[in-house]
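# Per-entry structural report
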Amino acid sequence: MAKQKKISSGTIVQNKKALHDYFIETRFEAGIALSGWEVKSLRAGKAQLTDSYVLLKDGEAWLLGSHITPLQTASTHVIADPQRTRKLLLHKRELGKLFGAVQQKGFACVALSIYWKKHLIKCEIALAKGKKEFDKRATEKERDSNREIQRAMHKDQK
């Protein structure tokens, strides 16, 4: 029998809190300027995006609040700052869209996930509007009802 390939989605880390706290309007794919020890830590899955956001200033986008834990073996010769600001690499027209939308009332720019795309590390960022408490409850109710429907359909098939 032939060995089956292990299929991985390529996702390194997700920001589930952002999906809970915001309505996602538009998604963008951005590259990240990383140093060598950060890439090795991301290969090991040592990253967090909780409470991270994108700061737009001087015509550039910066990822703040993300935490990449340095590996003990990989960062012996450098002083590793796990929460440094990292530059996001976007096209000028994408930056223009982000700047225009963030200046509107209620829009924020948040990081949703970091993932592999071939041999490159990409960051998915999104324009989002904040949810109110009742919106969060409505989303949870809708998710629960969809789950119940799926269970009922699954029982009918068996």
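Numbering of residues starts from 1 in each chain and follows the order in which that chain's sequence is written. The predicted nature of this model means local features are confined to residues of pLDDT at least 70 and side-chain atom pairs, given and counted, to a pLDDT of 80 or more, with totals for whole chains, interfaces and linings taken over all residues. Side-chain measures here rest on the full set of heavy atoms in the structure, leaving out hydrogens and waters.

Stated precisely, the cut-off is as follows: UniProt positions are given in the numbering used here, feature names are shortened, and annotations may be inferred rather than shown by experiment.
In the annotation of an unreviewed UniProt entry, the entry for the protein reads SsrA-binding protein, and the organism field reads Pseudomonas lutea. Under the UniProt heading Subcellular location (unreviewed entry), the note attached to the protein is "Cytoplasm". Quoted verbatim from the Sequence similarities (unreviewed entry) heading of the UniProt record, the comment on the protein is "Belongs to the SmpB family."

### What about the confidence of the model for the protein?
Detail in the predicted coordinates should be disregarded across regions flagged by low pLDDT. Put simply, the rule is: The quantity known as pLDDT measures the predictor's confidence residue by residue, on a range of 0 to 100. Throughout, a contact is declared for two residues whenever any of their heavy atoms are within 4.5 Å.
Of the residues in the protein, 92% reach a pLDDT of 70 or more, and the chain-wide mean stands at 84. Predicted confidence for residues 3-7 stays below pLDDT 50, and this span has zero contacts to residues more than four positions away or in other chains.

### As for the environment of Ile24
Condition: Secondary structure counts use DSSP, requiring at least four H or I residues in a row for a helix and at least two E residues in a row for a strand, with both numbered from the N terminus. Throughout this description, buried means an accessible area under 20% of the type-specific maximum (1.4 Å probe, protein chains only), exposed means over 50%, and partly exposed covers the range between.
By the secondary structure assignment, Ile24 is in strand 2 (residues 22-32). Judged by its relative accessible area of 26%, Ile24 falls in the partly exposed class. Each C-alpha atom of the pair Ile24 and Ile125 lies 9.8 Å from the other, and the pair is 101 residues apart in sequence. When residues no more than four places from it in sequence are discounted, the contact partners of Ile24 are Leu19, Leu112, Ala126, Leu127 and Ala128.

### Quick word on the environment of Tyr115
Threshold: Between N or O atoms, a polar contact is any pair within 3.5 Å; within protein, one atom must be a potential hydrogen donor and the other a potential acceptor, and residues adjacent in sequence are included only when both atoms are from side chains.
Structurally, the position occupied by Tyr115 is in strand 8 (residues 107-117). A residue is classified by how much of its surface remains accessible, and Tyr115, at 16% relative accessible area, is buried. Measuring from C-alpha to C-alpha, the distance between Tyr115 and Lys16 comes to 14 Å, with 99 residues separating the pair along the chain. Setting aside residues up to four positions removed in sequence, Tyr115 forms contacts with Gly10, Thr11, Ile12, Glu29, Leu120, Ile121, Lys122, Cys123 and Glu124. Here the side chain of Tyr115 touches Glu29 through a polar contact of 2.5 Å, side chain to side chain.

### Considering the pairing of strand 5 (residues 60-64)
Condition: Strand pairing is assigned whenever DSSP identifies at least 2 bridges connecting the two strands.
Bridge count for strand 4 (residues 53-57) against strand 5 is five bridges, and the pairing is antiparallel. Counterpart to Lys57 in the pairing with strand 5 is Glu60. Bridge analysis of strand 5 against strand 7 (residues 86-89) gives three bridges, and the strand direction is antiparallel. Across the sheet, residue Ala61 finds its bridge partner in strand 7, namely Leu88.

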